[in-house]
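Structure assessment
These are the residues of each chain, in order.
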Amino acid sequence: MHKIHVPVENAYDILISRGILKHTGEQIQKLISPETCVIITDDNVDPLYSDIVTASLETSGFTVKKFMFPHGESSKSAETLLKIYSFLCAEEITRSDCLIALGGGVVGDITGFAAATFLRGMPYIQIPTSLLAQVDSSVGGKTAIDLPEGKNLVGAFKQPRLVLCDPDTLQTLPDRFLTDGMGEVIKYGMIADYGLFETLCGYDLEQIKQHFDEIIPICVSIKRDVVAEDELDTGKRMILNFGHTIGHAIEAYYHYETYTHGCAVAAGMCIMTKYFGTPEEYQKLKFCVERYHLPSEVSAPLPDLLALCGHDKKRTGSELRYIICSPPGSAEIRTDSLSAFRKHFERI
Ligand SMILES: NC(=O)c1ccc[n+]([C@@H]2O[C@H](COP(=O)([O-])OP(=O)(O)OC[C@H]3O[C@@H](n4cnc5c(N)ncnc54)[C@H](O)[C@@H]3O)[C@@H](O)[C@H]2O)c1
Ligand SMILES: [Zn+2]
């Protein structure tokens, strides 16, 4: 078992181990003694994993309730959140009970936000079941819902009491979501760990399935280190945004329909490396992302994407902060005016 401690103000552990789902009750019991645990999950994950988690919790003496909603980003809404609050009221949940987010990033984000706000805050535990949730969204304490006006516009920082990560759950995750999560996994190699990047270049999507229990702890440790240094996202955490400035522009250009987040980030990382790295660095990254069926480029004209970069929420005033990973395995935060940033792309 890998135990990764997150030393933020309300410190907690991330436990990563194949089969840990069966030990949910024992692990929670070591930390807190809620009377009731409320599992919040979606309709894909529920039939696969709710019974295992429920049985373990009941064996440890907890009362278990469950709230399930339809899968997908459209459920990360105020409407679902209100239904969760109503359910918690109907079940007479108190602040000494506990919420359990069982699912991907959508479940994790909305459950975390419910835990941050219901009764002015109650404990919650993350059990991430998608690759993206295991390496990214369950670490760092950012919680949110979407508004019709945009993604993640309402949220809170709320650290979980514990994260239980079971790489075996990825066996049921469809390949397209594995590919999507690989965009972030490659990002970790690029920003902080050349050895990880090399390892990823040596596998493909089929082969890496045998290595998730080694790869996930490496990614989680990297995110932990960054988050511990910058819990409230005012400085170093920015390096996690490598590939995201252009990635977000790609998502927006195609109205969030053509490219998933991980695919857009992969193309964003490649475009940045093409213009800010060496030709060898670019070729190697392109080779790596393509091994996982991720795109290294998109058909949208670069000037159109650059125009959309001005709308990135990481922008401060008229300046844009962006990340360069040259050489791979290291990240540099740069600040430029929008026009200077766009000028870099006239180089080739
Ligand atoms: N809080 C953060 O720091 C942070 C960071 C990155 C992304 N996010 C958020 O995460 C969300 C995306 O997360 P996601 O990609 O996990 O999306 P998701 O939760 O929609 O999961 C993807 C799909 O996989 C299914 N699924 C999950 N686990 C499964 C399993 N083990 N077997 C079979 N199917 C399974 C889900 O039902 C869903 O259909 C976005 O809303 C994004 O904003 C948050
Ligand atoms: Zn991302």
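Quick caveat, the model's predicted, so the values are computed rather than measured.

Conventions adopted
Residues numbered from 1 in each chain as written. Chains lettered and ligands numbered in written order. Predicted model: local features only at pLDDT ≥ 70, side-chain atom pairs only at ≥ 80, totals over all residues. Heavy atoms only, no water. Helix = DSSP H or I, 4+ residues; strand = E, 2+ residues; numbered from the N terminus. Rg over C-alpha atoms; globule rule 2.2 N^0.38 Å. Buried < 20%, exposed > 50% of the residue type's maximum accessible area, 1.4 Å probe, protein only. Contact = heavy atoms within 4.5 Å. Areas by Shrake-Rupley, 256 points an atom, 1.4 Å probe, with all protein chains shown as cover. Lys, Arg positive; Asp, Glu negative; His and termini not counted. Charge placed at Lys NZ, Arg CZ, Asp CG, Glu CD. Donors = N, O, S within 2.8 Å, 3.2 Å for Na, K, Ca; no water. Domains from an automatic or database assignment. Buried area = accessible area lost by both parts, 1.4 Å probe. Pairing = 2+ DSSP bridges. Axes fitted to C-alpha atoms, helices over the stretch in contact; angles between N-to-C directions. 1 Å grid on protein atoms, 1.4 Å probe; cavity = no way out; pocket = protein on both sides within 12 Å on 5 of 7 lines; lining within 4 Å. Points joined across faces, edges and corners; volume = space filled by probe spheres on them. Near = heavy atom within 4 Å. Polar contact = N/O pair within 3.5 Å; in protein donor to acceptor, adjacent residues only side chain to side chain. Nonpolar A, V, L, I, M, F, W, Y, C, P; charged D, E, K, R; others polar. Expected span 1.5 Å × (residues − 1). Parallel < 35°, antiparallel > 145°, perpendicular 65-115°, else oblique. Core = buried A, V, L, I, M, F, W, Y, C linked by side-chain atoms within 4.5 Å.

Overview of the overall build of the chain
When you go through the chain residue by residue, the secondary structure sums to 14 helices and 11 strands. Its C-alpha radius of gyration of 20 Å places the chain within 12% of the 20 Å reference for a compact globule of 348 residues. C-alpha extents for the chain along the principal axes are approximately 65 × 40 × 35 Å. By residue count, 57% of the 348 residues in the chain fall in the buried class. In the chain, the proportion of contacts linking residues at least 24 apart, taken out of those at least 6 apart, comes to 74%. Within the structure as shown, the chain displays about 14800 Å² of accessible surface, and the carbon and sulfur contribution to it stands at 51%. In the chain, which carries 33 positive and 46 negative side-chain charges, the distance between the mean positions of the two groups comes to 3 Å.

Quick look at the coordination of the zinc ion (ligand 2)
Looking at the zinc ion (ligand 2), one finds its protein donor set to be Glu 184 (OE), His 244 (NE2) and His 261 (NE2), positioned 2.0 to 2.1 Å from the metal centre. Written as a sequence motif, the donor residues of the zinc ion (ligand 2) are E-x59-H-x16-H. Note that His 244 is positioned in helix H10 (residues 244-253) and His 261 in helix H11 (residues 261-276), a separation of 17 residues in sequence. Its relative accessible area of 21% is what places His 261 among the partly exposed residues.

A short note on the domain arrangement of the chain
Entries for the chain in the domain assignment read domain 1 (2-172) and domain 2 (175-346). A separation of 27 Å is found between the C-alpha centroids of domain 1 and domain 2. Contacts between the two partners involve 24 residues from domain 1 and, on the opposite side, 25 residues from domain 2. Each partner contributes to the roughly 2200 Å² buried at the junction of domain 1 and domain 2, and carbon and sulfur atoms together form 69% of this total.

Considerations on the sheet that holds strand S5 (residues 98-103)
Read from one edge to the other, the open sheet built from seven strands follows the order S1-S2-S9-S6-S5-S3-S4, with strand pairing classed as mixed. The sheet is open, and its two borders are formed by strand S1 (2-6) and strand S4 (63-69), each paired with just one other strand. Sheet twist, expressed as the mean angle between neighbouring strand axes with direction ignored, is 20 degrees. Relative to strand S9 (residues 162-165), strand S2 (residues 12-16) runs parallel, the two being bridged by four bridges. Counterpart to Ile 16 in the pairing with S9 is Cys 165. Set on the sheet, helix H3 (residues 78-90) makes contact with strand S3 (36-42), S4 and S5; between it and S4 the angle comes to about 160 degrees. Across the sheet, helix H4 (residues 105-117) is in contact with S3, S4, S5 and strand S6 (124-128); its angle to S5 comes to roughly 165 degrees.

Considerations on empty space enclosed by the protein
Applying the stated rule across the entire model yields one cavity of 30 Å³ or more. Its volume calculated, the largest cavity comes out at about 40 Å³. If you go around the largest cavity, the residues you meet are Asn 241, Phe 242, Gly 243, His 244, Thr 245, Met 272, Tyr 322 and Ile 323. Looking at the lining of the largest cavity, the elements that each hand over two or more residues are H10 and strand S10 (319-324).

As for the site of ligand 1
The local shell around ligand 1 holds 26 residues, among which Asp 42, Glu 73, Gly 105, Ser 130 and Thr 172 are the closest. A distance of 2.7 Å is found between an oxygen atom of ligand 1 and a side-chain nitrogen or oxygen belonging to Asp 42. Between ligand 1 and Lys 76 there is a distance of 2.8 Å, counted from an oxygen atom to a side-chain nitrogen or oxygen. Contact with the protein chains covers 89% of the free accessible surface of ligand 1, which is 860 Å². A per-class count over the shell around ligand 1 returns eight nonpolar, 10 polar and eight charged.

A word on H4
With 13 residues, H4 extends 18 Å from end C-alpha to end C-alpha; this agrees with the ideal 18 Å at 1.5 Å per step. Gly 105, Val 106, Val 107, Gly 108, Asp 109, Ile 110, Thr 111, Gly 112, Phe 113, Ala 114, Ala 115 and Ala 116 are the residues of H4 that are buried.

Details of the packing of H10 against helix H13 (residues 302-309)
Interhelical geometry of H10 versus H13 gives an angle of 105 degrees and a closest axis separation of 8 Å. Considered as vectors, H10 and H13 are oriented roughly perpendicular to each other. Touching Thr 245, Ile 246, Ala 249, Ile 250, Ala 252 and Tyr 253 of H10 are Asp 304, Leu 305, Leu 308 and Cys 309, all from H13. Here the contact of H10 with H13 is built from residues that sort into eight nonpolar, one polar and one charged.

Some remarks on the nonpolar core
Counting 75 residues, the largest nonpolar core has Leu 131, Met 182, Ile 186, Leu 200, Ile 250, Tyr 292 and Phe 345 as the members making the most contacts within it. Broken down by element, this core gets its largest block of residues, 11 residues, from H11. A domain-level breakdown of this core finds at least three residues from each of domain 1 (2-172) and domain 2 (175-346). Apart from residues lying up to four places away in sequence, Tyr 292 is in contact with Thr 179, Met 182, Ile 186, Leu 200, Tyr 203, Asp 204, Leu 205 and Ile 208. By size, the runner-up hydrophobic cluster in this structure holds 22 residues, among which are Phe 69, Leu 81, Ile 84 and Phe 113.

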